[in-house]
Structures are given as C-alpha cells and as structure tokens.
Amino acid sequence: QVQLVESGGGLVQAGGSLRLSCVASGRTFSRYCMGWFRQAPGKEREFVAGISWSGGNTNYADSVKGRFTISRGNAKNTVYLQMNSLKPEDTAVYYCAAGGPYINSDYVPVANSKYGYWGQGTQVTVSS
C-alpha cells in the first residue's frame, strides 16, 4: 500500500520559516517526480514546487520563487520543502505528491493529474 506522509506544518508568524517533510512508502519511487501542492479555504489546489526523479530539475510557482526550496533525499522516497519569508497568503493545507514513472529524468509536471499518489496534507498557518 502506497503512503505519503507529510510533517512539519504549524503556526508561524509572517517572515518566519518552516520545513515540510514527506516520506513515501509502499513502492519504489526511483523514477517518480515529487511535488508539493497547497489548497487554501475556498480555493483550488495549486502547484507549489516540484522536483524531478533525478533531482536535477526543479520547478516553482511564481508566488514562491526565491522563498521556497524543494529538495529530495538520497533514498528518493523523501522530499522536503524549506519555506522562508512566509506570508499570510501562504496559509493553506500543503500536500505532498508523487507522479510517474517517467522516462524523462528531468520532467517536473505542474498539473495535478500528473501526480498519482497524494498525502493527507499538513496545515501551514502564517499569522500577520
């Protein structure tokens, strides 16, 4: 059974930092890209950041570029999201996702439909 489990969410003041972690289990994720999405109340789920299965390519939403950094563990089944300079508009439930297997080692899709496995989400709340 495939599972993605996120951790690291919480309450932080504007300008602060949080680091989200996600551990995937239940299959081999060596050819899977991984990503982070978020969903705020009343809004659709949106792409935040993604990393290719090689780890050599990343992609970010414009709203988080320069503030968030996605990285992948050596075991390929873990992914992290370092979030700095947080803003109140970053408040949302953050979801980890895995998509593949893909032949292109540098492929980082942004569409929800390209990710077949999802975690349950972790709440991030940024106070002003």
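Each remark here, short or long, concerns the structure printed above.
K.L.:
I'm lost on the overall build of the protein chain in this one. Help?
P.N.:
Looking only at helices and strands, the protein chain features zero helices and eleven strands. Taken from the N to the C terminus, the helices and strands of the protein chain come in the order β-β-β-β-β-β-β-β-β-β-β. Relative to the 2.2 N^0.38 estimate, which gives 14 Å for 128 residues, the radius of gyration of the protein chain is 14 Å and therefore close to what a compact globule would have. Counting only residues that meet the buried cut, the protein chain has 42% of its 128 residues in that class. Working note: accessible area of the protein chain is about 6400 Å², and carbon and sulfur atoms make up 46% of it.

K.L.:
Looking at this model, I keep getting lost on the nonpolar core. Mind explaining?
P.N.:
For soluble globular proteins, the rule of thumb is that nonpolar side chains tend to be buried together. Counting 29 residues, the largest nonpolar core has W36, L81, M83 and Y94 as the members making the most contacts within it. Apart from residues no more than four positions distant in its own chain, Y94 is found in contact with E6, L20, W36, F37, R38, V48, F68, L81, M83, G121, T122 and V124. If you look at the next biggest cluster of nonpolar residues, it comprises seven residues, including F37, A97, Y102 and Y115.

K.L.:
Please clarify how the pattern of salt bridges should be interpreted in this entry.
P.N.:
Any two side chains of opposite charge can pair, on the condition that their charged atoms come close. Counting across every chain of the model gives four salt bridges. Here E46 and R38 are joined by a salt bridge, their closest N and O atoms 2.7 Å apart. By relative accessible area, which is 36% here, E46 ends up partly exposed. Taking the shortest distance from any N to any O, the salt bridge between K65 and D62 comes out at 3.2 Å. You can call D62 exposed: its relative accessible area is 64%. Members of the salt-bridge network, linked through shared partners, are R38, E46, R67 and D90.

K.L.:
Explanation requested: the state of the cysteines in the structure shown.
P.N.:
Within the structure shown, the criterion is met by one disulfide. Cysteine C33 remains unbridged, with the sulfur of C96 as its closest cysteine sulfur at 11 Å. Residue classification places C33 among the buried positions, given a relative accessible area of 0%.

K.L.:
Before we go on, may I ask you to explain unusual backbone geometry in this structure?
P.N.:
The general pattern is negative phi for most residues beyond glycine and trans for most peptide bonds. Residue P101 is bonded to the preceding G100 through a cis peptide linkage, with omega at 0°. Inspection of the secondary structure puts P101 in the loop between strand 9 (92-99) and strand 10 (117-118). Of note, the phi angle at S85 is positive, near 50°, even though the residue is not glycine. Examined against the element boundaries, S85 turns out to sit in the loop between strand 8 (78-83) and strand 9. Note on S85: relative accessible area 38%, which makes it partly exposed.

Cut-offs and rules
- Residues numbered from 1 in each chain as written.
- Predicted model: local features only at pLDDT ≥ 70, side-chain atom pairs only at ≥ 80, totals over all residues.
- Heavy atoms only, no water.
- Helix = DSSP H or I, 4+ residues; strand = E, 2+ residues; numbered from the N terminus.
- Rg over C-alpha atoms; globule rule 2.2 N^0.38 Å.
- Buried < 20%, exposed > 50% of the residue type's maximum accessible area, 1.4 Å probe, protein only.
- Areas by Shrake-Rupley, 256 points an atom, 1.4 Å probe, with all protein chains shown as cover.
- Core = buried A, V, L, I, M, F, W, Y, C linked by side-chain atoms within 4.5 Å.
- Contact = heavy atoms within 4.5 Å.
- Salt bridge = Lys/Arg side-chain N within 4 Å of Asp/Glu carboxyl O.
- Disulfide = S-S within 2.5 Å.

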